[in-house]
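One-letter residues, chain by chain:
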Amino acid sequence: MTNVIVLISGEGTTLQSLLDSCKVAKVVGVVSNTSCVGGITRSVLAKVPHTQVFIKQEHESNSSHEIRILRGIDSIISNYTEPTIIVLAGFMQILSPEFLQHYADKDIQIINIHPSLLPKHKGLNTYKNVLASGDDCHGITIHYVSPVVDGGEIIFQKAFYVTDADNTTSLKEKTKQLEQYYYPNVVDALVIGKTYTN
Ligand code: GRF
């Protein structure tokens, strides 16, 4: 069994899919960097053993905030002997190279899901950018987190056709459907050392 610690910032609909559908990976911790009640409530309702919230304080530096998050994650890990992976699910914070190295040194993988077919449309405002670019296809990418934002090695991608009827709302709905179906499957495959293909 591999433990999963999920990092969130928002409503936690992606977290919910992991809670509902992971069969091998076990979510033992949820760490939020905002007070957004959606994701935190989902964690509490699902009785995830550890739910922690680290809101950046006024005047707090990014690094001291990040260190608090890191210590929170490490405190969760210290309760277990099983391996852990860190799964970002709508976590809206750039992680420093030092943070990433800290977990690389412990052989703990960190993965993220991004709502575009990377390397296209890194960063925010994805759906607007897809429409503005007139893309034929859109989709999702699950990737390792590296110091290059949205630039880590790609683990899995899934695409769909963009139609003339699409707008930002419909693109978001279709994208989130894919995210919520595939993320649990890819996480499960990863923890058993397999590559998920579909
Ligand atoms: C997801 O679409 C994810 O790809 C993006 O943020 C969204 C998270 O939403 N980075 P939620 O908080 O899981 O509902």
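Overview of the structure. (Residues numbered from 1 in each chain as written. Predicted model: local features only at pLDDT ≥ 70, side-chain atom pairs only at ≥ 80, totals over all residues. Heavy atoms only, no water.)

### Quick word on the site of the ligand
Lining the immediate environment of the ligand, one finds Gly10, Glu11, Gly12, Thr13, Thr14, Gly90, Ile113, Pro115, Lys176 and Glu179. Contact between the ligand and Glu11: an oxygen atom at 3.2 Å from a main-chain N or O atom of the residue. Here an oxygen atom of the ligand sits 2.9 Å away from a polar atom, N or O, in the side chain of Lys176. Relative to its unbound accessible area of 370 Å², the ligand is 84% covered by the protein chains. Taken together, the elements giving at least two residues each to the shell around the ligand come down to helix H1 (13–21) and helix H6 (168–191). Of the residues contributing to the shell around the ligand, the split by class is two nonpolar, five polar and three charged. (Near = heavy atom within 4 Å. Polar contact = N/O pair within 3.5 Å; in protein donor to acceptor, adjacent residues only side chain to side chain. Areas by Shrake-Rupley, 256 points an atom, 1.4 Å probe, with all protein chains shown as cover. Helix = DSSP H or I, 4+ residues; strand = E, 2+ residues; numbered from the N terminus. Nonpolar A, V, L, I, M, F, W, Y, C, P; charged D, E, K, R; others polar.)

### Describing the pairing of strand E4 (residues 84–88)
Where burial is concerned, most of E4 is hidden: five out of the five residues are buried. Side chains Thr84, Ile86 and Leu88 project from E4 onto one buried face, and the interleaved Ile85 and Val87 project onto a second face that is buried too. Relative to E4, strand E1 (residues 3–8) runs parallel, the two sharing five bridges. Residue Ile5 lies in a different strand from E4, and its bridge partner there is Ile86. Two elements, E4 and strand E5 (residues 110–114), share three bridges in a ladder whose sense is parallel. (Buried < 20%, exposed > 50% of the residue type's maximum accessible area, 1.4 Å probe, protein only. Pairing = 2+ DSSP bridges.)

### Section: the sheet that holds strand E3 (residues 50–53)
Pairing between the strands of a sheet is mediated by backbone hydrogen bonds and can be parallel or antiparallel. If you trace the seven strands from one edge of the open sheet to the other, you get E3-E2-E1-E4-E5-E6-E7, paired in mixed fashion. Where the open sheet ends on each side, the last strands, each with one partner, are E3 and strand E7 (154–161). For this sheet, the mean inter-axis angle between neighbouring strands, taken without regard to orientation, is 20 degrees. Against the sheet, H6 contacts E1, E4, E5, strand E6 (137–144) and E7, and its axis sits at roughly 30 degrees relative to E6. (Axes fitted to C-alpha atoms, helices over the stretch in contact; angles between N-to-C directions. Contact = heavy atoms within 4.5 Å.)

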